[in-house]
Amino acid sequence: MMLPVPADYVLARDLCSYGYFLLEPNLWDPASCVYTTTLDLGGVAVTLRVTQGARGSTRAAREGDREHAAGGALTVKADRPLDAAQRRLVRAQLSRILRLDESVRTIEAFHRADPRFAASGRGRLMRSASLFEDVLKTVTSCNVTWPSTVGMNRKLCAVFGRRSASGGRAFPTAARLAAARPATLRARCSVGYRDARIVELARIFNAAAKGRRAGFDPAAAEDGTLTDDALFDALIELPGIGPYAAANILQLLGRYSRLPLDTESIRHGRTVLGYKGSAAQVMKKVRRHYEPFGEHRFRSYWFELWEYYESKRGASWTWERETTGKTFTASKLD
DNA sequence: GGTAGACCTGGACGC
DNA sequence: GCGTCCAGGTCTACC
């Protein structure tokens, strides 16, 4: 099937814009510029192969040539025949992952606030097929080094993910993890002390999907009716979600006003921004540094960080999941 | 309201 | 091959 995209959309640039593109079930192949993922459509899993036309080439993206890089509609090939309802689900989930809801106008608004990224056209941040997956990917990235995050997501898919016709594994649904035993998660997915928190999160999302009140409303979190502050307060009540994780989930929901600051931010403050002092002092200065970008401050922060990674490891679309993709953050950079 | 210590895993390192 | 140390955000108990 064909999937229409905003006029400025570049698959290589806009998919390889956030670390989750390196986590299963996602796979970006730098050699062929093919994005492969497996989605759970409820009862059946499908592995998809997503490509963009020649105009959306990595070469044009690499050279920051926006006019020629914008490559038109995506071609999506599934590993099994899909009925109309399944095709709608595929479109919805892919649109969420690729941020196709971010129009040219919203990206231009970011570039007006921070013109440094107008030439490259950066503005969209890749995310997951569902809010539940985004929450779990955030939880599995807390208090661990990146290779452990990669491992946990691989094992979660392998153990609990539905299998597609071609052997791909989707990310596990809330229903599947809600029924899991914490001890199994710990033993087979190496999630450590996150085991009970993950099951609890799954039960909350699963209950909400079945229309039961669960203290957190994923639909309200997605529909844009809550203020950023109200959404943050709701997220931080979830098990395993602290200030960093809540702020990160906010950006995954398209709210860029808060900064998920962590040890990586302190490194960035010292190494790139040249700040000195204790960790708390550097953190405060980093926060102040991004104040002028207002409601866009996360994107300014993130793409600054991302450019630093690319200066060390090459353009992100050239990273392979099993090699460069495991070494691109924090202490691994030097 | 602020802070110390426990929670786990995997990688690096020394022997 | 084994033991030790370290990185990493959240949670709880305590002051």
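Residues numbered from 1 in each chain as written. Chains lettered and ligands numbered in written order. Predicted model: local features only at pLDDT ≥ 70, side-chain atom pairs only at ≥ 80, totals over all residues. Heavy atoms only, no water.

Examining the overall build of chain A
A tally of helices and strands in chain A yields 16 helices and five strands. Here the C-alpha radius of gyration of chain A, 19 Å, is about what a compact globule of 334 residues would show, namely 20 Å. Along the first, second and third principal axes, the C-alpha atoms of chain A reach 50 × 45 × 40 Å. When each of the 334 residues of chain A is scored for burial, the buried share is 52%. Within the structure as shown, chain A displays about 14300 Å² of accessible surface, and the carbon and sulfur contribution to it stands at 51%. Taken together, the 51 basic and 35 acidic charged side chains of chain A have centroids lying 5 Å from each other. (Helix = DSSP H or I, 4+ residues; strand = E, 2+ residues; numbered from the N terminus. Rg over C-alpha atoms; globule rule 2.2 N^0.38 Å. Buried < 20%, exposed > 50% of the residue type's maximum accessible area, 1.4 Å probe, protein only. Areas by Shrake-Rupley, 256 points an atom, 1.4 Å probe, with all protein chains shown as cover. Lys, Arg positive; Asp, Glu negative; His and termini not counted. Charge placed at Lys NZ, Arg CZ, Asp CG, Glu CD.)

Things to note about the side chain of Ser 257
When you line up the elements, Ser 257 lands in the loop between α13 (243-252) and α14 (263-271). Within polar-contact distance, the side chain of Ser 257 engages the side chain of Asp 228 at 2.6 Å. Leaving out residues up to four positions away in the same chain, Ser 257 has contacts with Asp 228, Gly 294, Glu 295 and Arg 297. (Polar contact = N/O pair within 3.5 Å; in protein donor to acceptor, adjacent residues only side chain to side chain. Contact = heavy atoms within 4.5 Å.)

With respect to the sheet that holds strand β1 (residues 2-3)
Strand order in this open sheet of five strands is β1-β5-β4-β3-β2, and the pairing throughout is antiparallel. Edge strands, defined here as strands with exactly one partner in the open sheet, are β1 and β2 (27-29). Sheet topology note: the β2/strand β3 (residues 34-40) ladder contains three bridges and is antiparallel. Each residue of the ladder has a partner; that of Trp 28, found in β3, is Tyr 35. Of the strands in this sheet, β1, β3, β4 (45-52) and β5 (74-78) are in contact with helix α4 (residues 84-98), which crosses β3 at around 125°. (Pairing = 2+ DSSP bridges. Axes fitted to C-alpha atoms, helices over the stretch in contact; angles between N-to-C directions.)

Thoughts on a positive patch on the surface
A cluster of basic residues, Lys 276, Lys 284, Lys 285 and Arg 288, forms a positive patch on the protein surface. One can find Lys 276 in the loop between α14 and α15 (279-289). Classification of Lys 276 by relative accessible area gives exposed; the value is 64%. (Patch = residues over 30% accessible without salt bridge, like charges linked within 9 Å, V, L, I, M, F, W, Y side chains within 5 Å. Salt bridge = Lys/Arg side-chain N within 4 Å of Asp/Glu carboxyl O.)

Focus on the protein's contact with DNA strand C
The immediate surroundings of DNA strand C are formed by 16 residues, with Asn 143, Gly 240, Ala 245, Asp 262 and Thr 263 found nearest. For DNA strand C, the backbone portion of the atoms within 4 Å of the protein, that is sugar and phosphate, comes to 60%. Interatomic distance of 3.3 Å between a backbone N/O atom of Ile 241 and a phosphate oxygen of DNA strand C. Ala 245 is positioned such that a nitrogen or oxygen atom in its backbone is 2.9 Å from a phosphate oxygen of DNA strand C. Among the elements that make up the surface near DNA strand C, the one with the highest residue count is α13 (three residues). Looking at the surface near DNA strand C residue by residue, the class counts come to 10 nonpolar, four polar and two charged. (Near = heavy atom within 4 Å. Nonpolar A, V, L, I, M, F, W, Y, C, P; charged D, E, K, R; others polar.)

Concerning unusual backbone geometry
Residue Pro 25 is reached from Glu 24 by a cis peptide bond, and omega for that bond is 15°. Mapped onto the secondary structure, Pro 25 falls in the loop between α1 (11-15) and β2. The backbone phi angle of Cys 33 is positive, close to 55°, even though this residue is not glycine. Relative to the assigned elements, Cys 33 resides in the loop between β2 and β3. Despite not being glycine, Ser 190 has its phi angle at roughly 55°, a positive value. Within the secondary structure layout, Ser 190 lies in the loop between α9 (182-189) and α10 (195-209). With relative accessibility at 39%, the residue Ser 190 sits in the partly exposed group.

Focus on the domain arrangement of chain A
The assigned domain composition of chain A is domain 1 (2-117), domain 2 (131-252) and domain 3 (263-332). The interface is formed by 23 residues belonging to domain 1 together with 17 residues belonging to domain 3. Both faces combined, the contact of domain 1 with domain 3 buries some 1900 Å², and carbon together with sulfur accounts for 64% of it. The interface formed by domain 1 and domain 3 includes three salt bridges. Glu 102 is the partner of Arg 299 in a salt bridge, and the nearest nitrogen-oxygen pair spans 3.4 Å. (Domains from an automatic or database assignment. Buried area = accessible area lost by both parts, 1.4 Å probe.)

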